[in-house]
Amino acid sequence: MLFLVRRVLWSILVLVGLSIVIFGIARGMPGDPARLALGPRATQEQVNGLSHSLGLDRPLYEQYGMFVSGLAKGDLGLSLLTKRPVNDDIRDTFAATFELVLATISLAFVLGVPLGVMAARWKDKWPDNLVRLIAIVSAVTPSFFLALLLQILAGYVLHILPTTGRLPPTMTFSADITGLMTIDSLLHGRLDVFGEAWRYLLLPSIALSAATMGQIARITRASMIDVSSQDYIEAARAFGIPERLRVFKYMLRPSFVPPLTISGLEFASLIGNAFVIELVFAWPGMAAYGVRTIMQKDLNAVMGVVVVSGVFFVLVNLVIDVLVGFVDPRVRIRGHR
């Protein structure tokens with residue numbers, strides 16, 4: 001319990017620090033957001049009026065107080081880009097990004113861990129060399145290049161998968177329960193929508209997961225090799241415990257900690273960093289929305305997107321810390337000290 005309390009307190013401190021940093025960066029950005037929102041033909045009186053209504057003419061400490069007060073109420077303000085509450089914009093776009101990132105991490109973990117285990121099992125043999133080559137190529141290939149390559153190959157040459165959007169334009173469906181097309185289509189009993197949602201999700205999730213899969217494979221391999229040299233593994237080998245049992249029961253569990261930690265960090269960071277893939281595949285997610293708001297210096301929206309990404313990052317890392325403590329009791333013991 002003490003381990004969990006400490007993690008929660010640290011998470012709260014991180015969020016407070018994040019709010020100060022985000023506010024400082026947003027206010028330090030060059031340009032007048034009121035002028036950008038109203039356009040070059042707006043009069044100075046109109047610009048001053050909008051600045052006054054947004055509180056931009058007040059001292060910085062008052063503006064920060066307004067920002068924190070709004071956060072406490074769950075009010076992120078009005079977007080100058082869409083003229084809608086930032087809460088509504090993020091609500092409409094977050095689910096698309098979350099679904100994409102969830103599929104990405106699942107794909108990377110499902111492929112990366114077995115590849116790492118296989119490389120460690122046949123260390124310095126051809127399966128190991130093949131996995132290391134795949135891991136290096138996937139890790140160094142830029143995601144936008146792989147995205148374009150997949151679009152050309154699967155979309156325009158083979159014509160087997162769609163290249164943009166979340167559903168066909170002719171298909172009408174509203175994800176009004178969780179916002180996730182794959183989940184809501186099942187809840188509504190629309191198997192046709194479920195199949196199409198996966199077809200549209202496949203290419204962007206492959207492009208986004210390649211680098212993470214390579215990292216997980218390499219880290220799993222290194223961790224498995226390190227564990228295999230431990231005394232208790234040598235003892236298990238000397239007692240004649242079958243290799244499959246030794247690898248999957250006694251070696252894989254302690255080796256899970258590094259790839260699990262990497263997966264958590266990647267899962268949280270991709271919420272805000274998936275914008276390249278979202279732009280290439282015209283995916284209506286929050287990351288692409290965040291880029292548009294930065295280009296327009298939409299301060300409320302920029303701070304809203306960063307705050308939501310930061311909160312998600314902290315929560316995911318908190319969950320990962322708890323999971324790591326469950327998988328490896330030594331982490332919990334160190335946390336009590």
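The structure presented is a predicted model; accordingly, all values stated were derived computationally and were not measured.

Description of the packing of helix H6 (residues 126–140) against helix H9 (residues 191–228)
Thought 1: Axis separation between H6 and H9 bottoms out at 7 Å; the angle between their running directions is 140°. Relative to H9, H6 is oriented oblique. Crossing of H6 against H9: the hand is left-handed. Of the residues in H9, those in contact with Asp128, Val131, Arg132, Ile134, Ala135, Ile136, Ser138 and Ala139 of H6 are Ala210, Ala211, Met213, Gly214, Ala217, Arg218 and Arg221.
Thought 2: Taken together, the residues that form the contact of H6 with H9 break down as 9 nonpolar, 2 polar and 4 charged.

Comments concerning helix H5 (residues 86–121)
Thought 1: With 36 residues, H5 extends 50 Å between its outermost C-alpha atoms, agreeing within 8% with the 52 Å of an ideal straight helix rising 1.5 Å per residue.
Thought 2: Remark: the principal bend of H5, roughly 30°, maps to Thr93.

Let's talk about the side chain of Asp128
Thought 1: Note on placement: Asp128 falls in helix H6.
Thought 2: Accessibility expressed as a relative area gives 0% for Asp128, which makes it buried.
Thought 3: In contact with Asp128, other than residues within four places in its own chain, are Ala119, Trp122, Lys123 and Arg221.

Some words on a nonpolar patch on the surface
Thought 1: A surface patch of nonpolar side chains, about 620 Å² in accessible area, is lined by Leu4, Val5, Val8, Leu9, Ile12, Val16, Ile20 and Val322.
Thought 2: When residues of the nonpolar patch are assigned to their parent elements, the largest contribution, 7 residues, is made by helix H1 (residues 2–28).
Thought 3: Relative to the helices and strands, Ile12 resides in helix H1.

Overview of the UniProt feature "transmembrane region" (unreviewed entry) in the protein chain
Thought 1: The positions UniProt marks with the feature "transmembrane region" (unreviewed entry) are residues 7–26, 94–118, 130–158, 197–217, 256–281 and 301–327.
Thought 2: When the span residues 94–118 is considered, its composition is 100% helix and 0% strand, and the gap between its end C-alpha atoms is 36 Å.
Thought 3: For residues 130–158, the end-to-end C-alpha separation is 27 Å, with 90% helix and 0% strand making up the annotated structure.

Quick word on the nonpolar core
Thought 1: With 37 residues, the main nonpolar core has Ile90 and Ile277 as its most contacted residues.
Thought 2: Among the secondary structure elements, those contributing two or more residues to this core are H5, helix H7 (143–157), H9, helix H12 (257–273), helix H14 (286–295) and helix H15 (299–327).
Thought 3: A total of 7 residues in this core trace back to one element, the largest contributor, which is H5.
Thought 4: Judged by nonpolar contacts, the second largest core, of 17 residues, contains Val117, Ile233, Val247 and Leu252.

Examining the packing of aromatic side chains
Thought 1: Scanning the entire structure with this criterion turns up 7 aromatic pairs.
Thought 2: Ring plane angle 70° and centroid distance 5.8 Å describe the contact between Phe94 and Phe312, whose orientation is recorded as edge-to-face. Taken as a pair, Phe94 in helix H5 and Phe312 in helix H15 lie far apart in primary sequence, 218 residues in all.
Thought 3: Classification of Phe312 by relative accessible area gives buried; the value is 14%.
Thought 4: One aromatic cluster in this structure is built from Phe23, Tyr64 and Phe67.

Considerations on unusual backbone geometry
Thought 1: The backbone of His159 sits at a positive phi, close to 55°, despite the residue not being glycine.
Thought 2: Checked against the element boundaries, His159 lands in the loop between H7 and helix H8 (181–187).
Thought 3: Even without a glycine there, the phi angle at Ala282 is positive, about 50°.
Thought 4: Topologically, Ala282 is positioned in the loop between helix H13 (275–280) and H14.

So, the packing of H5 against helix H11 (residues 243–255)
Thought 1: The geometry of H5 relative to H11 is characterised by a closest axis approach of 12 Å and an angle of 125° between their N-to-C directions. Relative to H11, H5 is oriented oblique. When you trace H5 past H11, the crossing you get is right-handed. Seen from H5, the contacting residues are Val113, Val117 and Arg121; seen from H11, they are Glu243, Val247, Phe248 and Leu252.
Thought 2: Considering only residue class, the contact of H5 with H11 consists of 5 nonpolar, no polar and 2 charged.

Describing the side chain of Ser205
Thought 1: Secondary-structure assignment places Ser205 in helix H9.
Thought 2: The exposure class assigned to Ser205 is buried, which follows from its relative accessible area of 3%.
Thought 3: Within polar-contact distance, the side chain of Ser205 engages the backbone oxygen of Leu202 at 2.9 Å.
Thought 4: Every residue in contact with Ser205, bar those within four places of it in the chain, is listed here: Leu100, Ala103, Thr104 and Leu107.

Focus on helix H3 (residues 44–54)
Thought 1: What H3 keeps buried is the set Val47, Leu50 and Ser51. The buried residues of H3 occupy an angular sector of 100° when the element is viewed end-on, so they sit on one face. In this structure, H3 carries Glu45 and Ser53 as exposed residues pointing more than 90 degrees from its buried face.

Digging into the pattern of salt bridges
Thought 1: Applying the stated rule across the entire model yields 12 salt bridges.
Thought 2: The partner of Arg84 in a salt bridge is Asp92, and the shortest N-O contact between them spans 2.9 Å.
Thought 3: What makes Arg84 partly exposed here is its relative accessible area of 31%.
Thought 4: Linking Glu234 and Arg237 is a salt bridge whose minimum nitrogen-to-oxygen distance equals 2.9 Å. Taken as a pair, Glu234 and Arg237 lie in helix H10 (residues 231–238) at a separation of 3 residues, close to a single helical turn.
Thought 5: Overlapping salt bridges bring together Arg84, Asp88, Asp89, Arg91 and Asp92 as one network.

The rules behind each value
The residue numbers shown here count from 1 along each chain, following its written sequence. Totals for whole chains, interfaces and linings use every residue, but because this is a predicted model, local features are given only for residues with pLDDT of at least 70 and side-chain atom pairs only at 80 or more, for both listing and counting. Just so you know, side-chain values use all the structure's heavy atoms and leave hydrogens and water out. Only the stretch in contact is used when a helix axis is fitted, and all axes are lines through C-alpha atoms; the angle between N-to-C directions ranges over 0 to 180 degrees. A run of DSSP states H or I qualifies as a helix once it reaches four residues; a run of E qualifies as a strand once it reaches two. Both are numbered from the N-terminal end. Orientation categories follow fixed angle ranges, with anything under 35 degrees roughly parallel, anything over 145 roughly antiparallel, 65 to 115 roughly perpendicular, and all other angles oblique. Whether a crossing is left-handed or right-handed is set by the direction in which the near helix is turned from the far one by less than a right angle, anticlockwise for left-handed and clockwise for right-handed. Contacts are residue-level and defined by heavy atoms, with any inter-residue pair within 4.5 Å sufficient. Classes in brief: Ala, Val, Leu, Ile, Met, Phe, Trp, Tyr, Cys and Pro nonpolar; Asp, Glu, Lys and Arg charged; the others, Gly included, polar. Take the number of residues in a helix, subtract one, and multiply by 1.5 Å to get its expected span. Here the bend at each residue means the angle between axes fitted to two seven-residue stretches, the one ending at that residue and the one beginning there. Categorising residues by exposure relies on relative accessible area from a 1.4 Å probe, with only protein chains included: less than 20% of the type maximum marks a residue as buried, more than 50% marks it as exposed, and the intermediate range marks it as partly exposed. Like charges are joined within 9 Å and nonpolar side chains (Val, Leu, Ile, Met, Phe, Trp, Tyr) within 5 Å, but only among residues with over 30% relative accessible area and no salt bridge; these make up the patches. Each accessible area is a Shrake-Rupley result for a 1.4 Å probe, and residues are judged covered by the shown protein chains and nothing else. Only one rule defines a salt bridge in this text: a Lys or Arg side-chain nitrogen within 4 Å of an Asp or Glu carboxyl oxygen. UniProt positions are given in the numbering used here, feature names are shortened, and annotations may be inferred rather than shown by experiment. Only buried residues count toward a nonpolar core. Its members are Ala, Val, Leu, Ile, Met, Phe, Trp, Tyr and Cys residues joined through side-chain atoms within 4.5 Å. Pairs were defined over the aromatic rings of Phe, Tyr and Trp, the Trp ring being its six-membered one, requiring ring centres within 6.5 Å. Orientation was assigned from the angle between planes: stacked under 30 degrees, edge-to-face over 60, tilted for the rest. Any pair of nitrogen or oxygen atoms within 3.5 Å is treated as a polar contact; in protein, a donor-acceptor pairing is required on top of that, and neighbouring residues in sequence qualify only through side-chain atoms on both sides. By arc we mean the arc of the directions from the helix axis to the C-beta atoms, nothing more.

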